[in-house]
Amino acid sequence: MASIKQFQVTFDCAEPERVARFWCEVLGYVVPPPPEGFASWGDFDHSLPSERQGSAFACVDPSGVGPRLFFQRVPEGKAVKNRVHLDVRVGTGLVGEERLAALEAECARLLALGAVRVRLLTADGYNESCLVMQDVEGNEFCLD
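## Remarks on the layout of surface pockets
The calculated volume of the largest pocket comes to roughly 440 Å³. Lining the largest pocket we find 22 residues, and of these Phe11, Asp12, Lys78, Asn82 and Asn139 sit closest to its centre. Among the secondary structure elements, those contributing two or more residues to the lining of the largest pocket are β1 (8–13) and β7 (140–143). The element best represented in the lining of the largest pocket is β1, accounting for 5 residues. Across the lining of the largest pocket, the residue classes break down as 11 nonpolar, 5 polar and 6 charged. A volume near 350 Å³ is recorded for the second largest pocket. Lining the second largest pocket are 18 residues, and of these Trp41, Phe44, Asp45, Ala56 and Phe57 lie nearest its centre. Where the lining of the second largest pocket is concerned, the elements lending two or more residues are α1 (16–27), α2 (41–46), β2 (56–59) and β3 (68–73).

What follows is the structure, given as structure tokens:
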């Protein structure tokens, strides 16, 4: 029997801390404590060589169940659609108008955080409705 592996989801981005803090708000994640010997992540960051300052940030599920999210600065901007994306499960078990209402309510909350609404994919007899959105740097995700 294969063992279950822990994993983290890594985002390439321009502003790691900004994107990480967005996802903390979306998912209810938190910023982990700074490394031992540092009072804050800012203190840790300032201890790094100038070219590495601000180059990475992370957030974690406070319950320890969900994967760690890691954000790393890359020089190039986003050019095409993501090959992997997160589905934020806000409508699980809901159908029809009740599901749409849950998706729209969460969409409104995330728009206030800087997300962008892309399009609504309506139920088609096989899949339930979902909302395609983008985070603060244009990475696609779905409200599902």
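## Observations regarding the pattern of salt bridges
As enumerated under the stated definition, the model contains 7 salt bridges in all. The partner of Glu15 in a salt bridge is Arg18, with the nearest N and O atoms 3.8 Å apart. You can call Arg18 partly exposed: its relative accessible area is 42%. For the salt bridge of Glu17 with Arg21, the shortest nitrogen-to-oxygen distance reads 2.8 Å. Here the residue Glu17 and the residue Arg21 both occupy positions in helix α1, the gap between them amounting to 4 residues, near one helical turn. The network of salt bridges with shared partners includes Arg89, Arg99 and Asp144.

## Observations regarding the sheet that holds strand β5 (residues 116–121)
Here we have 4 strands laid out as an open sheet, ordered β4-β7-β6-β5, and mixed in their pairing. Each end of this open sheet is capped by a strand with a single partner; those strands are β4 (86–88) and β5. Neighbouring strand axes in the sheet, compared pairwise and without regard to direction, differ in orientation by 25° on average. Those strands touched by α1 are β4 and β7, and its axis lies near 35° from that of β4.

## Overview of the pairing of strand β6 (residues 130–134)
For β6, the buried fraction is high: 4 of the 5 residues fall into the buried class. With 5 bridges connecting them, β5 and β6 associate as antiparallel partners. Bridge pairing links Leu120 to Leu131 in β6. As paired elements, β6 and β7 share 4 bridges and run antiparallel to each other. Considered in β7, the bridge of Val132 is made with Cys142. The turn joining β6 and β7, which pair antiparallel and follow one another in sequence, is formed by 5 residues; a positive phi near 90° is taken by Gly138.

Definitions and limits used
Residues numbered from 1 in each chain as written. Predicted model: local features only at pLDDT ≥ 70, side-chain atom pairs only at ≥ 80, totals over all residues. Heavy atoms only, no water. 1 Å grid on protein atoms, 1.4 Å probe; cavity = no way out; pocket = protein on both sides within 12 Å on 5 of 7 lines; lining within 4 Å. Points joined across faces, edges and corners; volume = space filled by probe spheres on them. Helix = DSSP H or I, 4+ residues; strand = E, 2+ residues; numbered from the N terminus. Nonpolar A, V, L, I, M, F, W, Y, C, P; charged D, E, K, R; others polar. Salt bridge = Lys/Arg side-chain N within 4 Å of Asp/Glu carboxyl O. Buried < 20%, exposed > 50% of the residue type's maximum accessible area, 1.4 Å probe, protein only. Pairing = 2+ DSSP bridges. Axes fitted to C-alpha atoms, helices over the stretch in contact; angles between N-to-C directions. Contact = heavy atoms within 4.5 Å.

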